[in-house]
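Coordinates in review
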Amino acid sequence: MRRWYVIAAPYIWLLLFFLIPFFIVFKISLSDSTRAIPPYIPTLDITGGWDAIKTYVSQLDFENYAFIFSDPLYINAYWSSIKIAGISTILTLLIGYPIAYGMARAPHEWRATLMMLVILPFWTSFLIRVYAWIGILKKEGLLNLFLMNMGVISEPLTIMNTNIAVYIGIVYSYLPFMILPLYSSLEKISPSLIEAAEDLGSPPWRAFWQITFPLSLAGVFAGCLLVFIPAVGEFVIPDLLGGSETLMIGKTLWSEFFNNSDWPVASAVAVVLLLVLIIPIMFFQRMQANEREAAR
Amino acid sequence: MNTRFSWFNATSIALGFAFLYIPILLLVIYSFNESRLVTVWGGWSTKWYASLLTNEDLLDAAWVTVRVAFISATVATILGTLAAIVLVRMNRFPGRTLFSGMIFAPLVMPEVITGLSLLLLFVAINFDRGFWTIVMAHITFSMCFAAVVVQARLLDFDKSVEEAAMDLGATPVNTFMQVTLPIIAPAVISAWLLAFTLSLDDLVIASFAQGPGATTLPIKIYSQVRRGVTPEINAISTIMIAIVTLGVLTASFITRRAQQRASAGAK
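Residues numbered from 1 in each chain as written. Chains lettered and ligands numbered in written order. Predicted model: local features only at pLDDT ≥ 70, side-chain atom pairs only at ≥ 80, totals over all residues. Heavy atoms only, no water.

1. A closer look at the overall build of chain A
Summing up its helical and strand segments, chain A has 14 helices and 2 strands in all. Since a compact globule built from 296 residues should have a radius of gyration of about 19 Å, the 24 Å found for chain A marks it as more spread out than a globular shape. Dimensions of chain A, computed from C-alpha atoms along their principal axes, come out at roughly 80 × 70 × 30 Å. Burial statistics for chain A: of 296 residues in total, 53% are counted as buried. Pairs at least 24 residues apart make up 72% of the contacts formed inside chain A by residues separated by at least 6 positions. Carbon and sulfur atoms form 68% of the exposed surface of chain A, whose accessible area is close to 14000 Å². (Helix = DSSP H or I, 4+ residues; strand = E, 2+ residues; numbered from the N terminus. Rg over C-alpha atoms; globule rule 2.2 N^0.38 Å. Buried < 20%, exposed > 50% of the residue type's maximum accessible area, 1.4 Å probe, protein only. Contact = heavy atoms within 4.5 Å. Areas by Shrake-Rupley, 256 points an atom, 1.4 Å probe, with all protein chains shown as cover.)

2. A short note on the overall build of chain B
Secondary structure summary: chain B contains 11 helices and 0 strands in total. Counting from the amino terminus, helix and strand elements in chain B follow one another as α-α-α-α-α-α-α-α-α-α-α. Across its three principal directions, the C-alpha atoms of chain B cover 70 × 60 × 30 Å. For chain B, the exposed surface amounts to about 12200 Å²; the carbon and sulfur share of it is 66%. Of the charged side chains in chain B, 17 are positive and 14 negative; the average position of the first set lies 6 Å away from that of the second. (Lys, Arg positive; Asp, Glu negative; His and termini not counted. Charge placed at Lys NZ, Arg CZ, Asp CG, Glu CD.)

3. Structural notes on the pattern of salt bridges
Residue and element names in this part refer to chain A. Scanning all chains against the criterion turns up 6 salt bridges over all chains. The closest approach of N and O atoms between Glu 140 and Lys 138, which form a salt bridge, is 4.0 Å. With relative accessibility at 19%, the residue Lys 138 sits in the buried group. (Salt bridge = Lys/Arg side-chain N within 4 Å of Asp/Glu carboxyl O.)

4. A short note on the interface of chain A and chain B
Contact residues are listed per partner, giving 93 residues for chain A and 91 residues for chain B. Buried surface at the junction of chain A and chain B, both sides included, amounts to about 8600 Å², of which 80% is carbon and sulfur. On the chain A side of the contact with chain B, A:Trp123, A:Tyr131 and A:Arg292 bury the most area, a combined 10% of that side's loss. The salt bridge involving B:Arg226 is made with A:Asp239; its shortest N-O contact spans 3.7 Å. Run the count over chain A and chain B and you get 8 residue pairs in polar contact (both at pLDDT 80 or more). When grouped by side-chain class, the residues that make up the side of chain A that touches chain B number 70 nonpolar, 12 polar and 11 charged. (Buried area = accessible area lost by both parts, 1.4 Å probe. Polar contact = N/O pair within 3.5 Å; in protein donor to acceptor, adjacent residues only side chain to side chain. Nonpolar A, V, L, I, M, F, W, Y, C, P; charged D, E, K, R; others polar.)

5. A few points about the packing of helix H6 (residues 126–137) of chain A against helix H7 (residues 142–150) of chain A
All names here are of chain A. Interaxial distance between H6 and H7 falls to 4 Å at its minimum, and their mutual angle equals 35 degrees. Taking contact as the criterion, the partners of Gly 135, Ile 136 and Leu 137 in H6 are, on H7, Leu 142, Leu 143 and Asn 144. When the residues that make up the contact of H6 with H7 are grouped by side-chain class, the tally is 4 nonpolar, 2 polar and no charged. (Axes fitted to C-alpha atoms, helices over the stretch in contact; angles between N-to-C directions.)

6. Thoughts on helix H8 (residues 172–201) of chain B
With 30 residues, H8(B) extends just 37 Å between its outermost C-alpha atoms, more than 12% less than the 44 Å of an ideal straight helix rising 1.5 Å per residue. Its axis deflected by about 60 degrees at B:Ala185, H8(B) carries its strongest bend there, up to four residues before the proline B:Pro186. (Expected span 1.5 Å × (residues − 1). Bend = angle between axes of the 7 residues up to and from the residue.)

7. Quick word on a nonpolar patch on the surface
Residue and element names in this part refer to chain A. On the surface, Ile 87, Ile 90, Leu 91, Leu 94 and Ile 95 cluster together into a nonpolar patch covering about 420 Å² of accessible area. Relative to the assigned elements, Leu 91 resides in helix H4 (residues 72–104). Of the residues examined, Leu 91 reaches a relative accessible area of 33% and is grouped as partly exposed. (Patch = residues over 30% accessible without salt bridge, like charges linked within 9 Å, V, L, I, M, F, W, Y side chains within 5 Å.)

8. Some details on the packing of aromatic side chains
Within the structure shown, the criterion is met by 39 aromatic pairs over all chains. For the ring pair A:Phe18 and A:Phe22, a centre distance of 5.0 Å and an interplane angle of 85 degrees mean the geometry is edge-to-face. Residue A:Phe18 and its partner A:Phe22 are located together in helix H1 (residues 2–29), separated by 4 residues, close to a single helical turn. The exposure classification of A:Phe18 matches that of A:Phe22, with both residues buried. Judged by centre distance (6.2 Å) and plane angle (40 degrees), the rings of B:Phe122 and B:Phe127 are tilted. Here the aromatic cluster, defined as three or more aromatic residues joined through ring pairs, consists of A:Tyr40, A:Phe235, A:Trp254, A:Phe257, A:Phe258, A:Trp263, B:Phe208 and B:Tyr222. (Phe/Tyr/Trp six-rings, centres within 6.5 Å; stacked < 30°, edge-to-face > 60°.)

9. Let's talk about the packing of helix H8 (residues 163–187) of chain A against helix H1 (residues 7–30) of chain B
In the contact formed by H8(A) and H1(B), the axes pass within 10 Å of each other and the chain directions differ by 120 degrees. Relative to H1(B), H8(A) is oriented oblique. Here H8(A) and H1(B) pass one another in a crossing that is left-handed. Contact residues: H8(A) offers A:Val171, A:Tyr172 and A:Leu175, while H1(B) offers B:Phe19, B:Leu20, B:Pro23 and B:Ile24. (Parallel < 35°, antiparallel > 145°, perpendicular 65-115°, else oblique. Left-handed = near helix turned anticlockwise from the far one by under 90°.)

10. A few points about the environment of B:Ala195
Residues and elements named next belong to chain B. Within the fold, Ala 195 resides in helix H8. With 62 residues separating them along the chain, Ala 195 and Arg 257 place their C-alpha atoms 22 Å apart. With residues near it in sequence (within four places) discarded, Ala 195 still touches Ala 73, Ala 76 and Ser 142.

Take a look at the structure:
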């Protein structure tokens, strides 16, 4: 019977603080906004009995969803979030793969140190790392200063407050999430496989594409999902590095909630965002579960 | 093979680490800048650190942040360790799929969704927002990270030592305290440190869960950053980076020592 206590504590916590809140979000997305505290109607008064519950349910509707889908602002924000997250994921993969590959092929005594050097920035505050780029990318920032002193450019580049700055920010912030799963799948590949291919006359690039890369696919998928899913809903990076052209749904949700105080619309935005991400999230969970079964 | 770097691997590692570290390095260097203008180097100075010490607002926020992080990391580590044991050792119980789903989904869930949903929960149950709502929010997402860290360790240790203890008549609780816990201790410590830094860093979820009287450091830093880059933010960032770096180095030292001792013991 004791095992039920072990299960119950984390289970009840997650039900209460993770699962139930989603139902509340969904419920409020069906409500109407109003100038009151809390800023939505109807609110349920259970003391009113069955009739109160019936009138309550009859007041819920899908108006907010209709509003989101009729206003191009929201549709564009979803599309552009997916596009920005997708491009950033590919860039992160292209930059992360050679690093992870180099680490996996590094001398044994170096690997633990290299691994720690990748993890260290991930432990450092996200906000601080994004902030560090403002000083580098802005018009009178360090990058422009450096390039102009080197004589590469004569006019300062405008990078800050554009989508390019957002790409840089996402790639930089999420790079460790890409490198770690890539590294762990690349490290498992036995070097003798590649040696065998080379002994049989395969040029290195062919050995890479036919042996190393296919064997690292699990890491590629895990890394891409770990970058893509949170990046779609990213708020801090587009808010601090992006400009008026940067349309991202995390930012839209934030301003709907904090600036417009329209909780029902913000909730509907969150529900649709969750629906957009549900397939990649389930895919990610399946991969994690498979890995656990394999390790057992 | 594998005794030295090939030029390609060495170059990609060097470029990669340059990309990861140069921005942080520049931020640290410019925190010692005499000039208020970020791009003008006015000589070395520690005056921005001195001015932090008189900034009551920031110090208050820092104190709140550390307390939130300490409490939430401790609870999250306990819940996360239990969750890891459930995931690895208990195969059959009703709702197992849902349970593992709730552990892994928060790892990738966009923070705005988690933050909004927790806030609406607190409003729905009429719970006043403030210190404790931030703590509860942080426990919720960091316990999942803690569970993943501990789970990895539980998966690769030899289950037969636990079975041996049970065969010799130890109760499950005794077995856990005297056999399992010492073995997974390094992972539990890293889980705590991870939960602590996650809480220290969090801006988005804390912004939703905060209330009057409880503002955390990231929220304060964020509102200042929106007004522009200042050497003071660089200084406080540098202090936070130094603390985290020290913590991670200590943790990895502990882990490595434990591993060495374990492998020496096995011989």
